[in-house]
Amino acid sequence: MAVRTLINLIFLALLLLPGCKTAQWNNPYRAQDQQLDVIYTSFQERPKELDPVKSYNAAEYEFIAQIYEPPLQYHFLKRPYELIPLAAQQLPTRTYYDQQGEILADDVDPALVAYTEYVVTIQDDIRYQPHQALAKDQHDKYVYHDLSMDDLESVHVLSDLPVQGTRQLTAHDYVYQIKRLAHPNLHSPLAGLLANYIVGFADYREQVLTAMEQTPGQWLDLTDIAMEGVLALDELRYSIRVQGVYPQFIYWLSMPFFAPIPWEADKFYSQAGMKERNLSFDWYPIGTGPYMLTENNPNLRMVLEKNPNFHGERYPSEGEAEDLAAGLLQDAGQAMPFVDKVVFSLEKESIPYWNKFMQGYYDTSGISSDSFDQSVELNSQGQFALTDEMRSKGISLSSAVATSLYYLGFNMRDPVVGGLDERAQLLRRAISIAVDYDEFISIFRNGRGVPAQGPIPPGIFGYEAGEAGHNPYIYEWRNNQLQRRSLEHAKALMTQAGYAQGIDQETGKPLILYFDTVSRGADTKALLNWMVKQFAKIDIQLVIRGTDGNRFFDKLNQGTFQIYQLGWNADYPDPENFFFLLYGPNSILVSKGQNYSNYENPEFDRLFDQMKNIENSPLRLEIIKKMNDIVRADAPWVFAFNPKSYSLSHSWYKNVKPNLMANNTMKYKRVDAQQRAQARQQWNSPIVWPLYALLLLLLLLIVPAVRGFYQRERATGL
Amino acid sequence: MISYIIRRVLYAIPILIGINVITFLLFFVVNSPDDMAMSQLGQKYTTEQQIEDWKRERGYHLPLFHNPSVTGMAQLQETIFYQKSVRLFVFDFGSSDSGRDISYDISQRMWPSLAIAIPNLLVGLLVTISFALLIAFFRATYIDYWSVIICVALMSISTLFYIIGGQFVVGKLMRIVPISGYDIGLEAIKFLLLPVIIGIISGIGASTRWYRTIFLEEMNKDYVRTARSKGVSETRVMFAHVLRNAMIPILTGVVVVLPLLFMGSLLTENFFGIPGLGSYTIDAINRQDFAIVRSMVYLGSVLYIIGLLLTDISYTLVDPRIRLS
Amino acid sequence: MPFQPVILITDALFFLLTAVLVIFVLMIRTRPHLKRPWQKVIQRSTGAVSLCVLLTYYAVALLDSMHFHPRLDTQVAAEYQYANEIVSVLDVIMTPMRTQVEKTFSAPLSAYSFSKEMIQYDDGRVEHVYPRLKYGGAHLSDPGIEKLADLGQLLLRGIALGLFGWAVIMGTFILLSTASSGQALKHQLHTMIKDKSDYPIGAVSVTLGLIAVLIASSMVVGSQYHLFGTDKVGQDVFYQAIKSIRTGVLIGALTTLVMLPVAIILGSMAGFFRGWVDDVIQYIYTTLNSIPNVLLIAASVLLIQVYMNNNADSFDSLTERADMRLLFLCLILGITSWTGLCRLLRAETFKLREMEYIQAATAFGVSKYKILARHIMPNFMHIVLITVVIDFSGLVLAEAVLSYINIGVDPATNSWGNMINQARLEMAREPVVWWSLSAAFIFMFVLVLFANLFADVVRDALDPRVSGSD
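Quick caveat: nothing in here was measured; it's all calculated off a predicted structure.

S.K.: Hey, could you run me through the overall build of chain B in this one?
M.R.: The secondary structure content of chain B amounts to 14 helices and zero strands. Each helix (α) and strand (β) of chain B, taken in turn from the N terminus, gives the series α-α-α-α-α-α-α-α-α-α-α-α-α-α. Looking at chain B as a whole, 53% of its 325 residues qualify as buried.

S.K.: What exactly am I supposed to notice about the environment of Arg-244 of chain B here?
M.R.: Positionally, Arg-244 of chain B belongs in helix 11 (residues 234-257). Taking the C-alpha atoms as reference points, Arg-244 of chain B and Phe-215 of chain B, separated by 29 residues in sequence, lie 10.0 Å from one another.

S.K.: Please explain the interface of chain B and chain A as it appears in this structure.
M.R.: It is common to report an interface's size as the accessible area lost on association of the parts. Counting residues at the interface gives 55 residues for chain B and 64 residues for chain A. In this structure, the connection of chain B to chain A is made through two salt bridges. Asp-183 of chain B serves as the salt-bridge partner of Arg-301 of chain A, at 3.5 Å between the closest nitrogen and oxygen. If you look at where chain B meets chain A, you find nine residue pairs in polar contact (both at pLDDT 80 or more). Contributing elements (two or more residues each) for the side of chain B that touches chain A: helix 2 (33-41), helix 3 (48-58), helix 6 (102-137), helix 8 (159-173), helix 9 (188-219), helix 11, helix 12 (266-272) and helix 13 (277-287) of chain B. Ranked by the residues each element gives to the side of chain B that touches chain A, the list is headed by helix 3 of chain B, at seven residues. Taken together, the residues that form the side of chain B that touches chain A break down as 19 nonpolar, 17 polar and 19 charged.

S.K.: I would appreciate a short explanation of helix 15 (residues 524-536) of chain A in the present structure.
M.R.: Since one α-helical turn is 3.6 residues long, residues separated by three or four positions face the same way. Counted at 1.5 Å a residue, the expected span for helix 15 of chain A with its 13 residues is 18 Å, and the 18 Å between its end C-alpha atoms agrees. Among all positions of helix 15 of chain A, only Thr-524, Lys-525, Ala-526, Leu-528, Trp-530, Met-531, Gln-534 and Phe-535 of chain A are buried.

S.K.: Even after reading the chapter, I still don't get the confidence of the model for chain A, so can you show me in this structure?
M.R.: The predicted structure's coordinates, where accompanied by low pLDDT, should not be read in detail. Residue and element names in this part refer to chain A. Counting all residues, the mean pLDDT for chain A is 86, and 93% of those residues have values of 70 or more. Taken element by element, chain A is modelled with least confidence in helix 1 (residues 2-16), mean pLDDT 53, and with most confidence in strand 2 (residues 72-74), mean pLDDT 95. Confidence drops under pLDDT 50 across residues 18-22; counting only partners more than four residues distant or on other chains, this segment forms five contacts.

S.K.: Just to check I follow, could you spell out the packing of helix 9 (residues 237-273) of chain C against helix 10 (residues 275-290) of chain C for this structure?
M.R.: All names here are of chain C. Look at helix 9 against helix 10: their axes get within 7 Å of each other, and the N-to-C directions meet at 140°. Taken together, the axes of helix 9 and helix 10 are oblique relative to one another. Helix 10 is crossed by helix 9, and the crossing has left-handed handedness. Listed contacts from helix 10 to Leu-266, Met-269, Ala-270 and Phe-273 of helix 9 are Gly-275, Val-277, Asp-278 and Ile-281. Across the contact of helix 9 with helix 10, the residue classes break down as six nonpolar, one polar and one charged.

Conventions used here
- Residues numbered from 1 in each chain as written.
- Chains lettered and ligands numbered in written order.
- Predicted model: local features only at pLDDT ≥ 70, side-chain atom pairs only at ≥ 80, totals over all residues.
- Heavy atoms only, no water.
- Helix = DSSP H or I, 4+ residues; strand = E, 2+ residues; numbered from the N terminus.
- Buried < 20%, exposed > 50% of the residue type's maximum accessible area, 1.4 Å probe, protein only.
- Contact = heavy atoms within 4.5 Å.
- Salt bridge = Lys/Arg side-chain N within 4 Å of Asp/Glu carboxyl O.
- Polar contact = N/O pair within 3.5 Å; in protein donor to acceptor, adjacent residues only side chain to side chain.
- Nonpolar A, V, L, I, M, F, W, Y, C, P; charged D, E, K, R; others polar.
- Expected span 1.5 Å × (residues − 1).
- pLDDT = per-residue confidence, 0-100.
- Axes fitted to C-alpha atoms, helices over the stretch in contact; angles between N-to-C directions.
- Parallel < 35°, antiparallel > 145°, perpendicular 65-115°, else oblique.
- Left-handed = near helix turned anticlockwise from the far one by under 90°.

Here's what the structure looks like:
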């Protein structure tokens, strides 16, 4: 009898379930948050560091760029990318000095310049987010700067220390951070690079080491040790001296590396017992930006909330011509940020990620190769457009060619593929034609990329579209479009180089080349097969040597490789950031630089030195053209492709414009929570009938089972 | 009894030392600290100076076993072996290669793992035991025959298929529960529903078959026959005698796995985005964070040994015939 | 020579294993007391049918283990040049499927690509359509109308071929068995048809027929269509699933080959000598056993990777590298799985040691090692065999899981784990790309299911203690 009642109850419950339409069953967030002004987005891997001194990848910038404010930023809407002040009042002033410390004119010959001085003036109304490190008591003493182990006994999260404080941002804080960049224990990825540029940076490391040895185990106040080239002039101005001329330096000032850090926070976090409790810059950043990190649970979710002390910033009122029509200027002049809270949920697997986006639980999504066909198709004009399904959901598509380049590099010191002699040059060109990256883009990237024509990707000064910018050795310009040169042409080049039919005419042996690669992930196999096939087209046998990342870089370091594949992401929108990858003195074998191909062409190097130091101008373009011509003829790289990134966003997500340089874009975003709630409701009504079917099936099975039970019971009972 | 337990605990010590040495050999002798530094620091502008700094800060610059540059006990203490491995004995896991406190991470991630593992185990036991009992009841009929075949078939399906299929049907097509995620407190239930159900279904085949054999073995024993011949009804035989006595092997089997529940499920947690110890381990493996993998290996081993100990104790508790020798 | 043979290390081990198996079978045939339980296994229809299926898988794996460099067309100084790539006999048999690579996804048996593309006609007209495949159903002029009929025709041809093959096999079998039994052909046929034989000839012949028809028709249809569609880069999924058989079988079989000597020697020594030998061996396996398996495997695989990268020059080609990794994986799995068997054998030796005949042998002064080899080892062989058969299916399943965590076989190796790993992302597509996953599922499921069923039968037959229970 009891069983029957139970079954009845379950039945009743199931019948009632479809009746409760108030919330979606599959809503991964709490129901009460439905109507709030919140952005829902995701992160794939827990951020390794959130300390601006160490952070150097997009996943971490996603958070800290919203929190920290370096002096400069990129304009949200304007293209080409333009630097504008963020914490600074205006762009920094620049002065050239000679050996004797005399000021030089702006248009002086760069060779005469001993160092360049930049002076940054910051705004006077910026205050830090409320933070324990800045808390003071009524005697103006810091509350938490002298904590003993006992005080920390019951502290597990920062909010266990109740008092918070704030103070005004000063130029000293910026100087402090630059000193931290040089600190040997902080391992800033930029330390090696900056040591070449900032005056006194390299020495500073030694100074800190000495000081640390003198007072072992104690916190070292970096304000006590001066860095020669970096000085706070007063509360709002500081200067940075850079060796010689390095016009690209100013771009670094827009990266979180140059954000301010108050000395109080460094002192606070360096107290004994803090690190063991995860009380550190990595867990509790302290910034002046529009948002602050209020929940840091990298295993589950990260939450940014509005910084109550934010100094205020207004949405830009000018942009590109089409921005007005696209509705990107509707918020012009409004106070930012628009959204109270940003929730990042951990999403490691791409399937749940994509499905949740489609169900309306994420506001925006990148498109992986696997979801591409579903969301995007070619329209009648031959351009990618959203599928009907996507459009009916009100999803919009935005795309941008990334300022990145993938390339297949040759080792220029290799006896077979390397060298500037004609034979090797022809071989490399033949390979460049044979390795069909047009096909690669369509197979492996679903068309999400453009075949690269040279070292400079689109969006960077010096890139030329159309016929003017095509690589004449690999492509032809026919019927107003790019046409890859034919295989016959490549084979002819091979014959000319003395490798007719893939046989080295000098030795009589077949030509075997080695390709070093990092083999990882599920796609690797298909990719490598494809690569072997490409070389086989011109009768070259390709042997693939797969290793892991470290070993791969070891090989590059030692120059024991023939062909490799790499990519480069622009640090800043300047051609120098790409050409320096081919600059002779920057060779990995010469100076451990990033010229992994060890390409060294004196003429190219001469032009590089010239190009590096001048402003964007027709003259500079002229030089860049010459450099492009040299590189294309020498073909030290097969210019593979510039990736194109697509992203989708729901109709309630406003002010979307891809900006590949800026990371602090969260403040520009706006959501329509009402509309989102409706859409979710509409898209997520559960389908319950299979449950009923299952239940019915169970019942059908139970009936004969029960009958059998009684029969058997009776049978054995007899 | 107490002396028995003490003896067993003492016996565990050499095993722990062995584990410690094995993990140490595995992680430090083959894999050089330089490699670790490289993979943690990234490649874009890394210099050798930075690698040295990284190693010094993490204590990887020390020699492996013996440090001739210092004197006395410090010769043994100022080594990677002492600093990194011996400390595991007192559960001082130190910080991960990326600089986070491992003990804290473990204490945080333990709970979601348990939140899946415990309902999975309990409900799973209930379901499989009732199925097995039912099958044993209908022994030697077509129900028995086909049930065993179905069990074998269920066993032959990879867990991956259960998870992928379940997520696809229930999460995507039926939209009944969130596809993945986790939350704290009662909110967690909607996230746990699907992984727990999938966990139970994927385990049903093997366990049911296993329990069935236990029941059958028990049913062939003399006392059951005696009970039956006395005219005790079949239902009563099943519940009062067979189930009761079969509980001994079943429970002791369960006790072994109890401590290991902490370790979480690698697959389920990763697929459903549940922040437990299983996904922690996988992340560490994928990021080649050896400090974490080493700690988890050690923790897992300790828990296994505890499990063995509990099993021995529970044997003696449920079956007084077993002597403590 | 038209080819240059290559023997990879796993190939060599696999051949060794095959030789061991053949010798084992020949040995058993001459010893009635060993023959009897195995007779019992194949007298059960489940056992015989499972064995047929397993042997088919094994044969495929064997064919796929015969590797060589094919010859190139070019000749230098009258010397043949050989290609760098390594192919197997199976690759040659499946050549159309191996080489007919489409551009991207296509559904099973489809003549069209799965995703739309721009097609530019000669008159400059541009259309956005599902393009025809380069190979799949390419011989049809209008697939919409002709495909079904064509498929039916191919299927019939395949079935006919399969039945013919089956008839040949059965004929040979009947003739051979007649010859060996010394009975008249008529009498033999009579027993078979009336199903009076001790062996489940009916079930076996149906199974063989099914296998023959399946192989033949999939080859025939597969040469014109993509039986299970194509994957992301247009490779035939059916071909991949078949290629994965070698990985699955190898992991299941080689692992046991690797672990057996260790487990047998240590297990019997511990049980026989007792004392400190026993203590040491027990200590070793308890310690190894305490480390969670997955973690031990993960740690070892990570380290093997590091080792292989440090010594990258010894593993020049990707194939050799992948092969080494497969071998190492087997070794590592062996290390984690020998402990269970070792424990069982120790207990069994313990028991056997107290038997009277052993006591007697000891009293007669027979040397200890002789006793171990002559009297103890043969008597626990059934335990070894049962364990091997039971472990096999578990290992095949483990491969898939390990691949998911990226600690399985090399990503360049064909394996079901890698297929699943790749295909699970495709489940997010709309419409769903289900065929890669299904193909991996079916091939893996069949192998594991029959391995499990076979294990059951073997256990029933070999274990003297049980009949239907553990």
